[in-house]
Amino acid sequence: MRELEELRREIDELDRKLLEIINKRAQIVLQIRNWKIKNNYPIFDPSREKELLERLVKENQGPLDEKAIIGIFKTIMSYLRALEKDIEVLYLGPEGSFTHQAAVKFFGEGVKFKPLLLVEDIFKSLEEGSEYAVVPIENSLEGTVGSTMDLLAVTTKKVIGEVYLDVRHSLISSEDSMNKVKRVYSHPQALAQCKRWLRQNLPNVQEIPTSSTSFAAKIVKEEKESAAIASNFAAEVFGLNILAENIQDSWNNKTRFLVLGKDIPKPTGKDKTSIIFSVKHQAGALYRALRPLHDFGLNMTLIQSRPVPAKPFEYRFFVDFQGHIWDEKVSQALERVKEECIDFKILGSYPEANDF
Ligand SMILES: C=C(O[C@@H]1C=C(C(=O)O)C=C[C@H]1O)C(=O)O
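Residues numbered from 1 in each chain as written. Predicted model: local features only at pLDDT ≥ 70, side-chain atom pairs only at ≥ 80, totals over all residues.

Student: Give a detailed account of the sheet that holds strand E14 (residues 315–322), specifying residues and quantitative values.
Tutor: The sheet built from four strands is open, its strands ordered E13-E14-E12-E15 with antiparallel pairing. Unpaired on one side and paired on the other, strand E13 (300–307) and strand E15 (343–351) mark the two borders of the sheet. Taken over all neighbouring pairs, the strand axes of this sheet differ in orientation by 15° on average, direction set aside. In this structure, strand E12 (residues 271–278) lies alongside E15, joined through eight bridges in antiparallel fashion. (Pairing = 2+ DSSP bridges. Helix = DSSP H or I, 4+ residues; strand = E, 2+ residues; numbered from the N terminus. Axes fitted to C-alpha atoms, helices over the stretch in contact; angles between N-to-C directions.)

Student: Give me the lowdown on the UniProt feature "domain: ACT" (unreviewed entry) in the chain, citing residues and values where you can.
Tutor: The UniProt record annotates "domain: ACT" (unreviewed entry) at residues 274–351. Secondary structure content for residues 274–351 is 29% helix and 38% strand, and the end C-alpha separation is 12 Å. (UniProt positions renumbered as here; feature names shortened; annotations may be inferred.)

Student: Tell me about the domain arrangement of the chain, and name the residues and values.
Tutor: When its domains are assigned, the chain resolves into domain 1 (170–247) and domain 2 (267–350). Using only C-alpha atoms to locate each centre, domain 1 and domain 2 end up separated by 40 Å. (Domains from an automatic or database assignment.)

Student: Any chance you could break down unusual backbone geometry for me, citing the residues and the numbers?
Tutor: Put simply, Gly 62 and Pro 63 share a cis peptide bond, and its omega is 10°. Tracing the backbone shows Pro 63 in the loop between helix H2 (46–59) and helix H3 (66–84). In this chain, Gly 93 is followed by Pro 94 through a cis amide linkage whose omega measures 0°. Structurally, Pro 94 can be placed in the loop between strand E1 (88–92) and helix H4 (98–107). Phi angles above zero are rare outside glycine, and Asn 40 is one such case at about 55°. Looking at the secondary structure, you find Asn 40 in the loop between helix H1 (2–38) and H2. The residue Glu 225 is not glycine, and still its phi comes out positive at about 55°. When you line up the elements, Glu 225 lands in the loop between helix H9 (213–222) and strand E9 (226–230).

What follows is the structure, given as structure tokens:
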């Protein structure tokens with residue numbers, strides 16, 4: 001007992017020091033804010049935050065692991081950043097959605113989150129002055145999110161970051177047993193991602209599509225004999241029972257989200273650039289537009305075509321590649337790409353997520 005008391009006294013002393021150090025850090029953050037305002041520099045600097053986390057992970061001696069270091073320092077930065085400025089982040093809701101989780105993963109918990117129910121509303125709000133948003137862009141099993149791509153084509157905002165999230169689905173319900181479940185609600189992609197499990201475990205249920213997994217959770221909160229396919233995070237948010245976990249057919253189920261904002265973050269040395277363009281309906285036109293990426297040794301990570309609205313069977317292309325538009329190689333390559341395109345737009349350059 002004496003020993004416990006002594007150890008706790010040591011912890012109390014260390015906490016006092018930690019508190020002092022965190023507040024000292026906060027004072028420096030406030031000085032940086034003043035400098036930024038004077039020099040018209042963006043308050044939120046994702047490149048700097050990524051570099052800082054990478055350095056701390058490298059310097060860490062344990063016993064805390066990488067995940068813990070990132071979680072702790074992200075939370076510190078997130079709350080201290082809030083001293084600089086109230087940051088509001090829009091996300092595809094409702095509360096408890098995978099996009100909500102992705103937004104928390106990117107910005108930390110110290111910002112104000114605001115759910116909107118349609119990707120269209122998010123882009124509209126960004127044009128009307130909202131500063132930041134998180135939207136889904138592609139899923140490793142289901143492919144790209146068309147509505148996000150179409151709106152990226154016309155937005156004036158920039159892609160400032162990306163987030164990957166492992167998608168783990170659960171069957172959640174206000175019932176306490178799977179035997180009572182007659183209807184399963186979820187987003188069509190989530191229903192598709194759990195097809196095999198549903199066939200084996202609930203072959204006779206009615207599957208009802210919803211606009212999001214968390215909206216499904218909200219429905220089953222009020223409805224008997226039903227369940228939702230959503231995350232454990234959603235179960236927690238809505239106070240539901242988890243009837244089965246990890247019911248997704250594949251463990252390689254990841255969703256990629258894009259973070260939108262106003263200012264292109266500076267290069268970190270490991271960045272990605274997203275562009276969108278259309279080419280003439282001519283033999284080899286797409287090949288000629290992409291060739292400069294090859295010529296300058298730029299590694300393409302995504303290519304996707306989307307129909308051009310109001311122009312049936314004409315397409316534009318979304319391309320992501322590694323590199324930053326401020327890199328000499330990238331700017332030269334893009335000059336050449338542009339020459340081959342009818343329309344060309346840089347969507348953004350941003351730190352590549354290596355799971356931060
Ligand atoms: C303090 C700064 O502002 C923000 C907060 C950071 C931090 O807490 O370390 C880092 C980057 C910015 O998003 C800064 O730019 O250095």
